[in-house]
Amino acid sequence: QQQVRQSPQSLTVWEGETAILNCSYEDSTFNYFPWYQQFPGEGPALLISISSVSDKKEDGRFTIFFNKREKKLSLHITDSQPGDSATYFCAASPSSGSWQLIFGSGTQLTVMP
Amino acid sequence: EAAVTQSPRNKVAVTGGKVTLSCNQTNNHNNMYWYRQDTGHGLRLIHYSYGAGSTEKGDIPDGYKASRPSQENFSLILELATPSQTSVYFCASGDEGGVDAEQFFGPGTRLTVL
């Protein structure tokens, strides 16, 4: 049973468009949500993260929107570039101070030039 | 610069054989992790460690052992490899948990069990 779900499984957008990647979770004790970016042949790397006390986190073209009541979050990538083509993983940390991350199954993003 | 390295990068093993995957980190992190990545499943935690000498079971430990002989090194051991263990394996290191805790991943090892 997956505790962190992502959709869509794959997404294709044109260069310059906004890509929206979705994530939902089940456990209300989760309070930290990082997004990891993975390029082919490499390990995942932290892209941006948000804690449950915030409803929005922005870093350049990347923005996380968080809805605690609905247990949903989304990653918006504005002005998408071909170099953003990668797999994006949403993850959740069970509780404050925990070392453990639970990963979703990922969204494969392709940005067409 | 955080650095996690893995060896080998690619491995072909036979069913029933023993396989050892190695990981080294120069981050001086206490925590280290082994994940496997399969299409449709994302990253799943196999074993983890809080420091030298400690190993703990993750979510899918069956068929795997782990060893943490030092702060820097963490190994994953498949005593009797099976085709179902064909996957890409990632090692990671990280600081203590909490908000903004980050895990640093190695480049992965692609294991094929024939």
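Residues numbered from 1 in each chain as written. Chains lettered and ligands numbered in written order. Predicted model: local features only at pLDDT ≥ 70, side-chain atom pairs only at ≥ 80, totals over all residues. Heavy atoms only, no water.

### Things to note about the state of the cysteines
Now for step 1: Here the structure, examined in full by the defined rule, presents two disulfides over all chains.
Now for step 2: Disulfide partner of A:Cys23: A:Cys90, at an S-S distance of 2.1 Å. What sets the handedness of the A:Cys23 and A:Cys90 disulfide is the S-S torsion sign, and at about -70° it is left-handed. Within this pair, whereas A:Cys23 is found in strand β3 (residues 19-25), its partner A:Cys90 is found in strand β9 (residues 86-92), the two being separated by 67 residues in sequence.
Now for step 3: The partner cysteine of B:Cys23 in its disulfide is B:Cys91, sulfur to sulfur 1.9 Å. Across the disulfide from B:Cys23 to B:Cys91, rotation about the S-S bond amounts to roughly -75°, and the bridge is consequently left-handed. One end of the pair, B:Cys23, is in strand β3 (residues 19-25); the other, B:Cys91, is in strand β9 (residues 87-94), and 68 residues separate them in sequence.
Now for step 4: Judged by its relative accessible area of 3%, B:Cys23 falls in the buried class.
Now for step 5: Judged by its relative accessible area of 0%, B:Cys91 falls in the buried class. (Disulfide = S-S within 2.5 Å. Helix = DSSP H or I, 4+ residues; strand = E, 2+ residues; numbered from the N terminus. Buried < 20%, exposed > 50% of the residue type's maximum accessible area, 1.4 Å probe, protein only.)

### Here we look at the interface of chain B and chain A
Now for step 1: Taken residue by residue, the interface counts 24 residues in chain B and 20 residues in chain A.
Now for step 2: When chain B packs against chain A, close to 1,700 Å² is buried across both sides, 56% of that on carbon and sulfur atoms.
Now for step 3: Linking chain B with chain A are zero salt bridges.
Now for step 4: The tally of links from chain B across to chain A stands at two residue pairs in polar contact (both at pLDDT 80 or more).
Now for step 5: Elements supplying a minimum of two residues to the side of chain B that touches chain A: β4 (31-38), β5 (42-49) and β10 (103-105) of chain B.
Now for step 6: Classifying every residue of the side of chain B that touches chain A by side-chain character gives eleven nonpolar, nine polar and four charged. (Contact = heavy atoms within 4.5 Å. Buried area = accessible area lost by both parts, 1.4 Å probe. Salt bridge = Lys/Arg side-chain N within 4 Å of Asp/Glu carboxyl O. Polar contact = N/O pair within 3.5 Å; in protein donor to acceptor, adjacent residues only side chain to side chain. Nonpolar A, V, L, I, M, F, W, Y, C, P; charged D, E, K, R; others polar.)

### Overview of the pattern of salt bridges
Close approach of charged atoms allows side chains with opposite charge to pair.
Now for step 1: The final tally for this structure, using the stated rule, is seven salt bridges over all chains.
Now for step 2: Put simply, A:Arg5 and A:Glu26 hold a salt bridge, and the shortest N to O gap is 2.5 Å. On the criterion of sequence distance, the pair formed by A:Arg5 in strand β1 (residues 4-7) and A:Glu26 in the loop between β3 and β4 (32-38) is long-range, its members being 21 residues apart.
Now for step 3: The class of A:Glu26 is partly exposed, set by a relative accessible area of 31%.
Now for step 4: For the salt bridge of B:Lys65 with B:Glu79, the shortest nitrogen-to-oxygen distance reads 3.7 Å. A residue pair is termed long-range when its members are at least 10 positions apart, and B:Lys65 in strand β7 (residues 65-67) and B:Glu79 in the loop between β8 (73-78) and β9 qualify at 14 residues.
Now for step 5: Overall, the relative accessible area of 46% leaves B:Lys65 in the partly exposed class.
Now for step 6: What makes B:Glu79 partly exposed here is its relative accessible area of 34%.

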